[in-house]
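The residues making up each chain are set out below.
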Amino acid sequence: MTREPPTAHRRPARGVLAGGPHEGASRSTAETLTAEVLRNALVVAAEEASIVVVRSAYSTFIVEGSDASAAILDAGGRLVAQSMATTLMNSMALKVALPELLKDIPAAGMRPGDVFVLNDAYRGGVHTNDLLVYRPVFVAGEPAYFTATMIHVSDLGGLSAGGMAPLATDIFLEGLQLPPVLLATSRGVEPAIEAILRANSRTPDKVMGDVRALVAGTAVAATRIEALVGEYGPAGLARGIDDYLDHTETLTRAALLALPAGRYEASYPIDDDGIDLTVSHTVRVAVTLTPGAGAVLDFDGTDPQVPAAINSSSSQSLAAAVFAMRCFLDPSIAMNDGCLRAIEVRLPPGSLLNARSPYPCGGRFVPIYAAMEAVFQALSDAMPERAIAASGILQPFSIAAVGAPYWIHLSYDFGGVGARQGKDGPDATGVHFGIGRNSVPQVEPVETRCPLVVESVETVPDSGGPGRYRGGLGSRTVIRFLADAHVTTRGDRLRNAPPGRSGGLPGRLGGFYLRRADGSLEHLASKVNNVRLGAGEAFVIETTGGGGIGSPYERPVAEVLADLDTGRVTPHGALADYGVTLEDDGTATRPRAASPERPGLE
């Protein structure tokens, strides 16, 4: 997908939404207040929709993980606002897919109360389990805005329950595909669509509960937009939104001007595709920063798509690129279409980042996190004073019943964040942008809904990459089964450790393991489908730590001692990685001056 650069004659921000802390002093207090009220009202409309979806959904991952997204768009396909919980992965899908919906179902034929759905990965969607739902909001008899909601519903078929299918070799193995279709009218959900969804799901009641929650969320947001039309008038609201987007563009371009001009290239590898474990795949990027022209992120040279679940749709790769770029900008800048105007993303068709049918897209986390990391490293080269080392990433997995009646637990565990220049990396949070506000469901509700026990959740000592600034720790979770279950995984950075920078060392590799009834551990590949475990056996998820920055021997002994006190580093790790010995009296010394060579850690 190629974003066209903005035209040179775009008018400057003005009017009701052009104000805020970045605007000139000429604006009146009343105008600024009006701008802030309207700006926040748009976000709140989307936020309320996402909350309604979470509170109404049936799937455990939605209810307990709050993984629901909502957005407000206009009839031109512009992203106006997104909920606070919405990730760029989801809002970019909702933005890119709306024009595809309007191609198949013209706005002129829509009626009040109509709701539409699609999940086509090649037309803006994500993968088969992510349903994108849209409701037109009418102004003067015509659709002027669309409220949109999106969640990962419990199951829509495919190789494994919950929509993982890490060994899919084409899109048809990942589940039911939906082109843009009418989902509901003012009378309720269309019976034919409900019948199709139920027939293709292992958990039909949960799916329909999720679908009705999505529809309800769009209705709430539409009511809020209609109220804003009544308060500001159709022309006033449209003008205010134009100004809001223009103002965001102005702020984004100003932030980009503060970055060093030039062309910066980087790449990042993918461990394997799950089918051929001997072959790695690579994502490449060139970031060009030109004063006055914004940023161009060109992924030309990225490896071609493969018949395996490590490809991504264009909307997801767009999200990764924009997210990584925004991490180096002012975080207070709003996320809307104005921001996107200043960032051009070029995604070669038929590549890992812009797959074509019938190549699978369900494993999109793998290539887009490589894309995100490549952008991070390119910009870290451009700005060493703001550098970040590579991170361990989220490790998705699902646990499901081996037969009917089906239950499904879908979750993620997170790796350590790479060290930042001047700061250690956060533990077990991952540099992530793809899930809801809670990320990982809480233990007790999961145990209530599924026949399993979460025995432990802990960080792994010594797993953060040693350095002057240490990488964040990975985590270890142990889940014991009370009934036979299938385990499916989709991991990466479990063979190639996230590297450090400037003399920092890599993070410790994680992995997936089965703990058999006799206590023995069996290592799993990073991408497996429906591995059966019996009641009493356990599934162990270990995530990878982040890379370090700077030589470990430059880390002050006092900081190593603090890590010993908090359990982030063991005495063995302190000596092996930092050359620091813990004395009997509790003090620490560094008798050696040679640089460490990190051994493998058991």
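The model shown is predicted, which means the values in this text are computed figures rather than measured ones. (Residues numbered from 1 in each chain as written. Predicted model: local features only at pLDDT ≥ 70, side-chain atom pairs only at ≥ 80, totals over all residues. Heavy atoms only, no water.)

A. A look at the overall build of the protein chain. Looking only at helices and strands, the protein chain has 12 helices and 22 strands in total. Taken against the 2.2 N^0.38 rule, which gives 25 Å for 602 residues, the C-alpha radius of gyration of the protein chain at 24 Å falls within 12% of a compact globule. Seen along its three principal axes, the alpha-carbon backbone of the protein chain occupies a region of about 80 × 60 × 45 Å. The buried share of the protein chain, taken over its 602 residues, is 61%. Summed over its atoms, the accessible surface of the protein chain is roughly 21400 Å², and 54% of this surface lies on carbon and sulfur atoms. Within the protein chain, one finds 51 positive and 66 negative side-chain charges whose respective centroids are separated by 4 Å. (Helix = DSSP H or I, 4+ residues; strand = E, 2+ residues; numbered from the N terminus. Rg over C-alpha atoms; globule rule 2.2 N^0.38 Å. Buried < 20%, exposed > 50% of the residue type's maximum accessible area, 1.4 Å probe, protein only. Areas by Shrake-Rupley, 256 points an atom, 1.4 Å probe, with all protein chains shown as cover. Lys, Arg positive; Asp, Glu negative; His and termini not counted. Charge placed at Lys NZ, Arg CZ, Asp CG, Glu CD.)

B. Quick peek at the environment of P136. The residue P136 is located in strand β4 (residues 130-139) in this model. Look at P136 and you get buried, because its relative accessible area is 5%. For the pair P136 and I270, spaced 134 residues apart in the sequence, the C-alpha separation amounts to 40 Å. Those residues in contact with P136, other than ones at most four positions away along the chain, are M110, R111, D114, F116, P143, Y145 and F146. (Contact = heavy atoms within 4.5 Å.)

C. Spatial organisation of the sheet that holds strand β1 (residues 68-74). The strand order β2-β1-β5-β4-β3-β6-β7 describes an open sheet built from seven strands, whose pairing is antiparallel. The open sheet has two edge strands, β2 (79-82) and β7 (188-189), and neither has a second partner. Examined bridge by bridge, strand β3 (residues 115-118) and β4 share three bridges and lie antiparallel to one another. Looking at β4, one finds that V117 is bridged to V133. (Pairing = 2+ DSSP bridges.)

D. Quick peek at the packing of helix α4 (residues 191-199) against helix α5 (residues 204-232). α5 packs onto α4 with a crossing angle of 135 degrees between their chain directions and a minimal axis gap of 8 Å. It follows that α4 is oblique to α5 by the angle criterion. As α4 runs across α5, the sense of the crossing is right-handed. The residues of α5 that touch α4, namely those facing E194, L197 and R198, are P204, D205, V207, M208, V211 and R212. Residues of the contact of α4 with α5, tallied by class, amount to five nonpolar, no polar and four charged. (Axes fitted to C-alpha atoms, helices over the stretch in contact; angles between N-to-C directions. Parallel < 35°, antiparallel > 145°, perpendicular 65-115°, else oblique. Left-handed = near helix turned anticlockwise from the far one by under 90°. Nonpolar A, V, L, I, M, F, W, Y, C, P; charged D, E, K, R; others polar.)

E. Representation of the nonpolar core within the structure. The biggest cluster of nonpolar side chains holds 82 residues, and the ones touching the most others in it are Y134, L297, F299 and M325. It is helix α9 (residues 365-382) that contributes the most residues to this core, 13 residues altogether. Residue contacts for L297: discarding those within four places in its chain leaves V285, A286, V287, A321, M325, I343, E344, V345, R346 and V375. By size, the runner-up hydrophobic cluster in this structure holds 26 residues, among which are V54, L156, I193 and V207. (Core = buried A, V, L, I, M, F, W, Y, C linked by side-chain atoms within 4.5 Å.)

F. Geometry of the pairing of strand β10 (residues 294-298). Among the five residues of β10, four are classified as buried, and the element is accordingly described as predominantly covered. The pairing of strand β9 (residues 281-290) with β10 spans five bridges and is classified as antiparallel. In the strand pairing of β10, V287 is matched with L297. Hairpin geometry of β9 and β10 is characterised by an intervening segment of three residues between the two adjacent antiparallel strands and by a positive phi of about 85 degrees at G292. Alignment of β10 against strand β11 (residues 343-346), held across four bridges, turns out to be parallel. For L297, the partnering residue across the bridge sits in β11 and is V345.

G. Main features of the sheet that holds strand β17 (residues 511-515). Strand order in the open sheet made by the five strands is β14-β15-β20-β17-β18, with antiparallel pairing throughout. Of all the strands in the sheet, just β14 (452-459) and β18 (521-524) have a single pairing partner and so form its edges. Across this sheet, the average inter-strand angle for adjacent strands is 20 degrees, counted without regard to direction. Bridge analysis of β17 against β18 gives four bridges, and the strand direction is antiparallel.

H. Inspection of the packing of aromatic side chains at higher detail. As enumerated under the stated definition, the model contains five aromatic pairs in all. When the centroid spacing of 5.8 Å and the interplanar angle of 15 degrees are considered together, the rings of F512 and F539 count as stacked. Highlighted residues: F512 in strand β17 and F539 in strand β20 (residues 538-542), separated in sequence by 27 residues. Aromatic ring contacts, followed pair by pair, group F365, Y369 and Y412 into a single cluster. It is R590 that lies over the ring of Y553; its NZ or CZ is 5.2 Å from the centre. (Phe/Tyr/Trp six-rings, centres within 6.5 Å; stacked < 30°, edge-to-face > 60°. Lys NZ or Arg CZ within 6 Å of the ring centre and 35° of its normal.)

I. Focus on the side chain of D492. With respect to the helices and strands, D492 occurs in the loop between β16 (485-490) and β17. One polar contact links the side chain of D492 to the main-chain amide nitrogen of D271, over a distance of 3.1 Å. Excluding its chain neighbours within four sequence positions, the residues that come into contact with D492 are P269, I270, D271, D272, V366, I393, Q395 and K527. (Polar contact = N/O pair within 3.5 Å; in protein donor to acceptor, adjacent residues only side chain to side chain.)

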